Amino acid sequence: FDVCITTDNFSVEKYRAIGQENIILSQWASLPSKVEYEGVSYKYDISFIGGSNYYRKWFVKELKKRGLEVHCFGSGWENGRVSYEEMEYIFSNSKVNLNISNSIQYDARYLFSNPMNILHTLINKKNCSQIKARNFEIPVCGGFELAEFVPELGKYFKIDKDIVCYKDIDEAELLINYYLDNDFERESIKISGVEKSRKRHTFYHRVISFMEKIHEIYDR
């Protein structure tokens, strides 16, 4: 290949190790959105959009035990899949949008809650959570994002200023309750995240950026 593009910072050296010097580090992004995000009359307190898996089901069930009802959409959930337009509406009309990892998890409470969770963990090929398009789709579409922290996320957002991150189920519960009770702070973070994402994190911005880098490579 003349040039390779990756979204994984930790893969750059792997490309170089096999002789590929023209490697561009880019990132996931979102389609643009113009949905309204200020002065919203919210339909949901907490929502999640994404396919179900063992860990996500456990996470949502655990939050419900703690008095937090999460409205879930996507393959494997009762509400089923939604269109992109419906996704935009859900993001912008939820006070808290959860972004739950689909990677391997080692929380002992999760592992020992069901023998299948241990088996699934042992055979799962995913061993590290990464930035995904959803990290950018939620704020671009007008939503407040509470995401599991993943490496490199701080390069694209100011944590606790543009989005909020949790490390485990306990911190997620704490942060959900806090931001449901503190509307002004939640809305300030949401607005900051939306404005930054719409200015920097759509696929338009990514394409312009890596095309400029390709030009620099061939202009050397």
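Residues numbered from 1 in each chain as written. Predicted model: local features only at pLDDT ≥ 70, side-chain atom pairs only at ≥ 80, totals over all residues. Heavy atoms only, no water.

Before going further, it helps to examine the layout of surface pockets. Considered as a void within the structure, the second largest pocket measures approximately 230 Å³ in volume. Val60, Lys61, Lys64, Glu69, Val70, His71, Cys72, Trp77, Glu78 and Asn79 are the residues that line the second largest pocket. Elements with a contribution of two residues or more to the lining of the second largest pocket: α2 (54-65) and β4 (71-73). Tallying contributions element by element places α2 first for the lining of the second largest pocket, with three residues. Each residue belonging to the lining of the second largest pocket can be placed in one class, and the counts come to four nonpolar, two polar and four charged. (1 Å grid on protein atoms, 1.4 Å probe; cavity = no way out; pocket = protein on both sides within 12 Å on 5 of 7 lines; lining within 4 Å. Points joined across faces, edges and corners; volume = space filled by probe spheres on them. Helix = DSSP H or I, 4+ residues; strand = E, 2+ residues; numbered from the N terminus. Nonpolar A, V, L, I, M, F, W, Y, C, P; charged D, E, K, R; others polar.)

Its location among the elements puts Asn22 in the loop between α1 (12-17) and β2 (23-25). Engagement of the side chain of Asn22 in a polar contact is seen with the backbone oxygen of Asp2, the distance being 3.1 Å. (Polar contact = N/O pair within 3.5 Å; in protein donor to acceptor, adjacent residues only side chain to side chain.)

Read from one edge of the open sheet, five strands run β4-β3-β5-β6-β7, paired in parallel fashion. Since the sheet does not close on itself, it has two edges, and those belong to β4 and β7 (164-166), each with one partner. Neighbour-to-neighbour, the strand axes of the sheet open up by a mean angle of 25°, direction not taken into account. As paired elements, strand β3 (residues 44-49) and β4 share three bridges and run parallel to each other. (Pairing = 2+ DSSP bridges. Axes fitted to C-alpha atoms, helices over the stretch in contact; angles between N-to-C directions.)

On the surface, a cluster of positive charge is made up of Lys158, Lys161, Lys199 and Arg200. Relative to the helices and strands, Arg200 resides in helix α8 (residues 183-200). (Patch = residues over 30% accessible without salt bridge, like charges linked within 9 Å, V, L, I, M, F, W, Y side chains within 5 Å. Areas by Shrake-Rupley, 256 points an atom, 1.4 Å probe, with all protein chains shown as cover. Salt bridge = Lys/Arg side-chain N within 4 Å of Asp/Glu carboxyl O. Lys, Arg positive; Asp, Glu negative; His and termini not counted. Charge placed at Lys NZ, Arg CZ, Asp CG, Glu CD.)

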